[in-house]
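# A look at the structure
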Amino acid sequence: TMRASVLVLGPLLARYGKARVSLPGGCAIGARPINLHLKGLEAMGAEIRLDHGYVEARAKRLKGARIYLDLPTVGGTENLIMAATLAKGTTVLENAAREPEIVDLVRALQGMGAKIEGAGSDTVTIEGVDELKPMDYAVMPDRIEAGTLLLAAAMTAGQVRVLGARPEHNEALLSKLEEVGADIDIDEAGICVTGPGEICPVNIRTQPYPGFPTDMQAQFMALMAIGRGTSVVSETVFENRFMHVCELQRMGADINIDGHTATVQGVEQLLGAPVMATDLRASACLVLAGLAADNTTELSRIYHLDRGYEGLEQKLRKLGADIERVSA
């Protein structure tokens, strides 16, 4: 039920020589195939078989290989890096994803004794080692949660300081927030955003990192829905990531979709309404819309929200939001 579970495939195969992992289930925001994961493992000598919804992989020991990824897949890059750490010889991943989460994973693996170079670039080189060792590691701050909280400030003409947020991970978002008219203050402790009195319209186009993140597209559209003018939102990463639009329209947003492009004509005021979360980031988008809307917004299916945010309503309540979780 959780797509990220496929990431155990590479490590299990590398360590035990075999793995049997369920094929990931469907995803509401679009097709997310794992063919590049499997293609890379086969290049490293794995025998792959699909059996009644499961991936079965075997290899006495994986061998280093040069692997070109047709797309800079984040999960595929992570899976193949982990598999290659215990492979015999050197593995080179070309057209690798560059997200900060991959750099963080590599730093953790290096702390365990892995030999990896090039994380954060489109070419990653892994020299296999015989074993890894235990270590303690502090995971990086969640840049998407940080961005969501900063957008909450922009939408409500409020002020939010996110401690621990790293500006180098959110450069594309911060640049757009400046265009919107928000005031941004960055110091060693984190990032502070003060919302503008009037929200200027801004165009965005989602792209793999370091471009504007697809995981911030829905939340940013909620902001543009109350902007003073027309904004254009182009989604290039997932083919079905505008499902939140219908719910925003229920709240009075003026949005038109043409293929992978949404044209947003800002309205003076969103109106509270019963809405339904369709996926993780859509749920965050609707929470933000509810903060800025007149009257009460009731969001159902919040199990989507809980996949990516821990106690979001508690954090927003501490910031002054009138928000609570209720039983269905």
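Attention now goes to the sheet that holds strand β6 (residues 115–117). Taken in spatial order, the four strands line up as β4-β5-β7-β6 in an open sheet, and their pairing is mixed. Edge positions in the sheet fall to β4 (66–68) and β6, since each has one partner strand and no second. When the angles between neighbouring strand axes are averaged without regard to direction, this sheet yields 15°. With three bridges connecting them, β6 and strand β7 (residues 123–127) associate as antiparallel partners.

Before going further, it helps to spend a moment on the sheet that holds strand β11 (residues 204–205). In spatial order, the strands read β11-β12-β14-β13; together these four strands make up an open sheet with mixed pairing. Every interior strand has two partners, whereas the edge strands, β11 and β13 (254–258), have only one. Bridge count between strand β12 (residues 230–234) and strand β14 (residues 261–265): five bridges; the pairing is antiparallel. Residue Val232 lies in a different strand from β14, and its bridge partner there is Thr263.

Moving on to the side chain of Asp279. Mapped onto the elements of the fold, Asp279 is located in the loop between β15 (274–276) and α9 (280–292). Of note is the side chain of Asp279, whose polar atom sits 3.2 Å from the backbone nitrogen of Arg281.

Here helix α6 (residues 171–180) has its buried residues at Ala172, Leu173, Leu174, Lys176, Leu177 and Val180. Residues of α6 that are buried make contact with α5 (143–155), β9 (183–187), β10 (190–194), β11 and α7 (217–224). Just downstream of α6, Gly181 is the residue with a positive phi angle, here 115°.

Analysis parameters
- Residues numbered from 1 in each chain as written.
- Predicted model: local features only at pLDDT ≥ 70, side-chain atom pairs only at ≥ 80, totals over all residues.
- Heavy atoms only, no water.
- Pairing = 2+ DSSP bridges.
- Helix = DSSP H or I, 4+ residues; strand = E, 2+ residues; numbered from the N terminus.
- Axes fitted to C-alpha atoms, helices over the stretch in contact; angles between N-to-C directions.
- Polar contact = N/O pair within 3.5 Å; in protein donor to acceptor, adjacent residues only side chain to side chain.
- Buried < 20%, exposed > 50% of the residue type's maximum accessible area, 1.4 Å probe, protein only.
- Contact = heavy atoms within 4.5 Å.

Purely spatial values, then, with no claim about function.
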